[in-house]
Amino acid sequence: MIRTIITDDQALARDGLKMILSASPDIDVVATAENGAQAVDLVEKYKPDLVLMDLKMPVMNGILATRKIIERFPNMKVLVLTTYDADEWVFDAVRAGASGYLLKDATRDEILSAIARVMEGNTQVSPAIADKLYSYVRGDTVPDTTLARKLNPRELEILNLLANGLSNAEIARRVHLAEGTVRNYVSNIFLHLEVSDRVGATALAWRYGLAQPLEDDRPG
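The following refers to the structure shown. (Residues numbered from 1 in each chain as written. Predicted model: local features only at pLDDT ≥ 70, side-chain atom pairs only at ≥ 80, totals over all residues. Heavy atoms only, no water.)

**Points about the overall build of the protein**
Part 1: The secondary structure content of the protein amounts to 11 helices and 6 strands.
Part 2: Here the protein holds 220 residues, and the buried ones make up 47% of them.
Part 3: Within the protein, contacts between residues at least 6 apart in sequence are counted, and of these 65% link residues at least 24 apart.
Part 4: Put simply, the protein shows about 11100 Å² of open surface, and 50% of that area lies on carbon and sulfur atoms. (Helix = DSSP H or I, 4+ residues; strand = E, 2+ residues; numbered from the N terminus. Buried < 20%, exposed > 50% of the residue type's maximum accessible area, 1.4 Å probe, protein only. Contact = heavy atoms within 4.5 Å. Areas by Shrake-Rupley, 256 points an atom, 1.4 Å probe, with all protein chains shown as cover.)

What follows is the structure, encoded as structure tokens:
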């Protein structure tokens, strides 16, 4: 069971999300919070696996709450679900440690799929948000050969695929390696780049020119 806390300042949104998530046999909603400060307190109390986080809330916004949660529990997953797609919200959420960023127009299946992917250690962002991130990093890339030298060619290849949102299983199929071997490479990449998760590695890869958008070479 994925023990989950829902955070949203609107009671109707909290109730609706609770109905959606509680209908899944894999998710247990252990608590709901109406602002970021309450979410931080409930995380301390319940130690959930995942926090579904709104951003613009009274008392404490979702960005600060996410930062506080990840500082105290680095392995906890925070999935942002919000109406806000302004650049500063997106980038601040990623920097705060969010594992994913969805807009509230996401369907039930998209929300459940995002939760599953995030819990598997993958990043998940709405397509519109992905476009913002790609535009940002392409327009503000700072090549860093020192960072690149920390990784061998295979690690750089896997980092590129990781930064494009591929899961370990998808990477394994592309590079013809066992999924366990890819998992080991990903762990080594985190170690070399001094990051704790895929979000951090993805941000560095795009920021410092270690990733390029993939061409869709899958058969149509």
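**Notes on helix α8 (residues 153-163)**
Part 1: Of the residues making up α8, those classed as buried are Glu155, Ile158, Leu159, Asn160, Leu161, Leu162 and Ala163.
Part 2: The opening residue of α8, the one whose side-chain oxygen lies 3.1 Å from the backbone nitrogen of Arg154, is Asn152.
Part 3: Phi for Gly165, located one or two positions after α8, is positive at around 90°. (Polar contact = N/O pair within 3.5 Å; in protein donor to acceptor, adjacent residues only side chain to side chain.)

**Overview of the nonpolar core**
Part 1: Counting residues in hydrophobic clusters, the biggest one holds 23 residues, and the most contacted among them are Leu159, Ile171, Leu193 and Ala201.
Part 2: Going through the elements one at a time, α7 (145-148), α8, α9 (168-175), α10 (179-193) and α11 (198-207) are the ones with two or more residues in this core.
Part 3: With sequence-adjacent residues up to four places away left out, Leu193 is seen in contact with Leu147, Leu151, Leu159, Ala201 and Leu204. (Core = buried A, V, L, I, M, F, W, Y, C linked by side-chain atoms within 4.5 Å.)

**Some thoughts on the pairing of strand β2 (residues 27-33)**
Part 1: The buried fraction of β2 amounts to 5 of the 7 residues, a majority that puts the element mostly inside the structure.
Part 2: Pairing of strand β1 (residues 2-7) with β2, which is carried by 6 bridges, proceeds in the parallel orientation. Note on β2: the bridge partner recorded for Thr4 is Val29.
Part 3: Remark: the β1/helix α1 (residues 11-22)/β2 crossover connection has right-handed handedness. (Pairing = 2+ DSSP bridges. Right-handed = clockwise from strand over helix to strand, strands pointing away.)

**Structural notes on the side chain of Asn35**
Part 1: Within the fold, Asn35 resides in the loop between β2 and α2 (36-46).
Part 2: In terms of polar contacts, Asn35 uses its side chain to reach the backbone amide nitrogen of Gln38, at 2.8 Å.
Part 3: The residues touching Asn35, leaving out its near neighbours within four places in the chain, are Thr7, Met57, Pro58, Val59 and Met60.

**Points about the pattern of salt bridges**
Part 1: Taken as a whole, this structure holds 6 salt bridges when the rule is applied.
Part 2: Between Asp109 and Arg108 there is a salt bridge, and its shortest N-O distance comes to 3.1 Å.
Part 3: Taking relative accessible area as the criterion, Arg108 reaches 40% and is therefore assigned partly exposed.
Part 4: Between Glu179 and Arg183 there is a salt bridge, with its nearest N and O atoms 3.7 Å apart. Of this pair, Glu179 and Arg183 both sit in helix α10, 4 residues apart, which is roughly one turn of that helix.
Part 5: For Glu179, a relative accessible area of 38% translates into the label partly exposed.
Part 6: Linked by salt bridges that have partners in common, Asp8, Asp54 and Lys104 make up one network. (Salt bridge = Lys/Arg side-chain N within 4 Å of Asp/Glu carboxyl O.)

**A look at the sheet that holds β1**
Part 1: The strand order across the open sheet built from 6 strands is β2-β1-β3-β4-β5-β6, with neighbouring strands paired in parallel fashion. Here the strands that pair on one side only, and so sit at the sheet edges, are β2 and β6 (124-125).
Part 2: In this structure, strand β5 (residues 100-103) lies alongside β6, joined through 2 bridges in parallel fashion. Bridge assignment links Tyr101 to a residue of β6, and that residue is Val125.
Part 3: The strands touched by helix α5 (residues 108-119) are β1, β2, β3 (50-53), β4 (77-82), β5 and β6; relative to β4, the strand with the most contacts, the crossing angle is about 155°. (Axes fitted to C-alpha atoms, helices over the stretch in contact; angles between N-to-C directions.)

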